[in-house]
Amino acid sequence: MSADSNRLKDHAAALEALAEEIERTFDAPGHTAAALVGDRRWLGPDADRVRGELRQTGTRLGGVAGALRDRAQAMRRRAQHLEDTDTAAEDIRDFLTGRDLTPWS
């Protein structure tokens, strides 16, 4: 496994952790935003406006979390491609140098 593929996997894990943190923070039951959206004791046009803005923010944050997960998945695919390429290069090098005398089938 190459250092580049390890770095990509580490970055992918960090992006997924960030996506989870974004969702957990905004959607947490005790979080002010979640509480305000569901709280019907606060009434009036300001309450309606704030609730609407919070819902939009939640939707945008959900999109951001999804984009982070998509990027993490792309990084993992790239890491796998690098590993596959490294393995193929090693196999060719071994064959050309005579270290691998097993015939290919």
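Above this text you will find the structure in question.
The following refers to the structure shown. Along each chain, residue indices are assigned from 1 in the same order as the chain's sequence is written. Residues qualify for local features only when their pLDDT is at least 70, as the model is predicted, and side-chain atom pairs are given and counted only at 80 or more; totals for whole chains, interfaces and linings, by contrast, use all residues. With hydrogens and water stripped out, all remaining heavy atoms of the structure feed into the side-chain values.

## Regarding the overall build of the protein
Then comes step 1: By definition, any uninterrupted DSSP run of H or I lasting at least four residues is a helix, any uninterrupted run of E lasting at least two residues is a strand, and each is numbered from the N terminus. Assigned secondary structure in the protein consists of three helices and zero strands.
Then comes step 2: Counting from the amino terminus, helix and strand elements in the protein follow one another as α-α-α.
Then comes step 3: At a minimum sequence separation of 6, the contacts of the protein that also span at least 24 residues come to 63%. Any two residues whose heavy atoms approach within 4.5 Å at even a single point are treated as in contact.

## Some remarks on the packing of helix H1 (residues 3-27) against helix H3 (residues 45-97)
Then comes step 1: Helix axes use the C-alpha atoms of the stretch in contact, all axes being lines fitted to C-alpha atoms, and the angles between their N-to-C directions lie in the range 0 to 180 degrees. As a packed pair, H1 and H3 sit with axes 8 Å apart at the nearest point and diverge in direction by 165°. Between H1 and H3, the interaxial angle falls into the category roughly antiparallel. Here H1 runs over H3; the crossing is left-handed.
Then comes step 2: For the contact of H1 with H3, a count of residues per class yields 17 nonpolar, four polar and 10 charged. Working definition: roughly parallel below 35 degrees, roughly antiparallel above 145 degrees, roughly perpendicular at 65 to 115 degrees, and oblique for all remaining angles. By definition, turning the near helix anticlockwise from the far helix through less than a right angle yields a left-handed crossing, and turning it clockwise yields a right-handed one. Gly is placed with the polar residues, together with every amino acid not listed as nonpolar (Ala, Val, Leu, Ile, Met, Phe, Trp, Tyr, Cys and Pro) or charged (Asp, Glu, Lys and Arg).

## Quick notes on the pattern of salt bridges
Then comes step 1: Salt bridge criterion: a side-chain nitrogen from Lys or Arg within 4 Å of a carboxyl oxygen from Asp or Glu. Within this structure, the stated rule accounts for seven salt bridges.
Then comes step 2: A salt bridge links Arg-51 to Asp-48; its shortest N-O distance comes to 3.9 Å. One end of the pair is Arg-51 and the other is Asp-48, both in helix H3 and three residues apart, which spans about a single turn.
Then comes step 3: For the exposure calls, accessible area comes from a 1.4 Å probe over protein chains only, and a residue counts as buried if that area is under 20% of its type's maximum, exposed if over 50%, partly exposed in between. The class for Arg-51 is buried, based on a relative accessible area of 2%.

## Observations concerning H1
The α-helix winds at 3.6 residues per turn, so residues separated by three or four positions along the chain end up facing the same way.
Then comes step 1: Look at H1: 36 Å from first C-alpha to last across 25 residues, which is about the 36 Å you get at 1.5 Å a residue.
Then comes step 2: Listing the buried residues of H1 in full gives Ser-5, Leu-8, Ala-12, Leu-15, Ala-19, Ile-22 and Phe-26. One fewer than the residue count of a helix, multiplied by 1.5 Å, yields its expected span.

## Considerations on a nonpolar patch on the surface
Then comes step 1: Nonpolar side chains (Val, Leu, Ile, Met, Phe, Trp, Tyr) are joined into patches within 5 Å and like charges within 9 Å, using only residues with over 30% relative accessible area and no salt bridge. The Shrake-Rupley method, run with a 1.4 Å probe sphere, supplies the accessible areas, and residue values consider only the shown protein chains as cover. On the surface, Ile-92, Phe-95 and Leu-96 cluster together into a nonpolar patch covering about 320 Å² of accessible area.
Then comes step 2: With respect to the secondary-structure elements, Phe-95 resides in helix H3.

## Topic: H3
Then comes step 1: For H3, with 53 residues, the first-to-last C-alpha span of 77 Å sits near the 78 Å given by 1.5 Å per residue.
Then comes step 2: The complete set of buried residues in H3 reads Ala-47, Val-50, Arg-51, Leu-54, Ala-65, Leu-68, Ala-72, Met-75, Ala-79, Leu-82 and Glu-83.
Then comes step 3: Positioned one or two residues after H3, Gly-98 has a phi angle of 80°, which is positive.

## Structural notes on the environment of Gly-66
Then comes step 1: Note on placement: Gly-66 falls in helix H3.
Then comes step 2: You can call Gly-66 partly exposed: its relative accessible area is 27%.
Then comes step 3: Between the alpha carbons of Gly-66 and Glu-23 there is a distance of 9.8 Å; along the sequence they are 43 residues apart.

## Thoughts on the nonpolar core
Then comes step 1: We call a set of buried Ala, Val, Leu, Ile, Met, Phe, Trp, Tyr and Cys residues a nonpolar core when their side-chain atoms join them within 4.5 Å. Leu-8, Ala-12, Leu-15, Ala-19, Ile-22, Ala-65, Leu-68, Ala-72, Met-75, Ala-79 and Leu-82 together form the largest nonpolar core, which totals 11 residues.
Then comes step 2: For this core, the secondary-structure elements that each account for two or more residues are H1 and H3.
Then comes step 3: A total of six residues in this core trace back to one element, the largest contributor, which is H3.
Then comes step 4: If sequence neighbours within four positions are ignored, Ile-22 has contacts with Leu-61, Val-64 and Leu-68.

Spatial relationships are all this shows, so hold off on functional conclusions.
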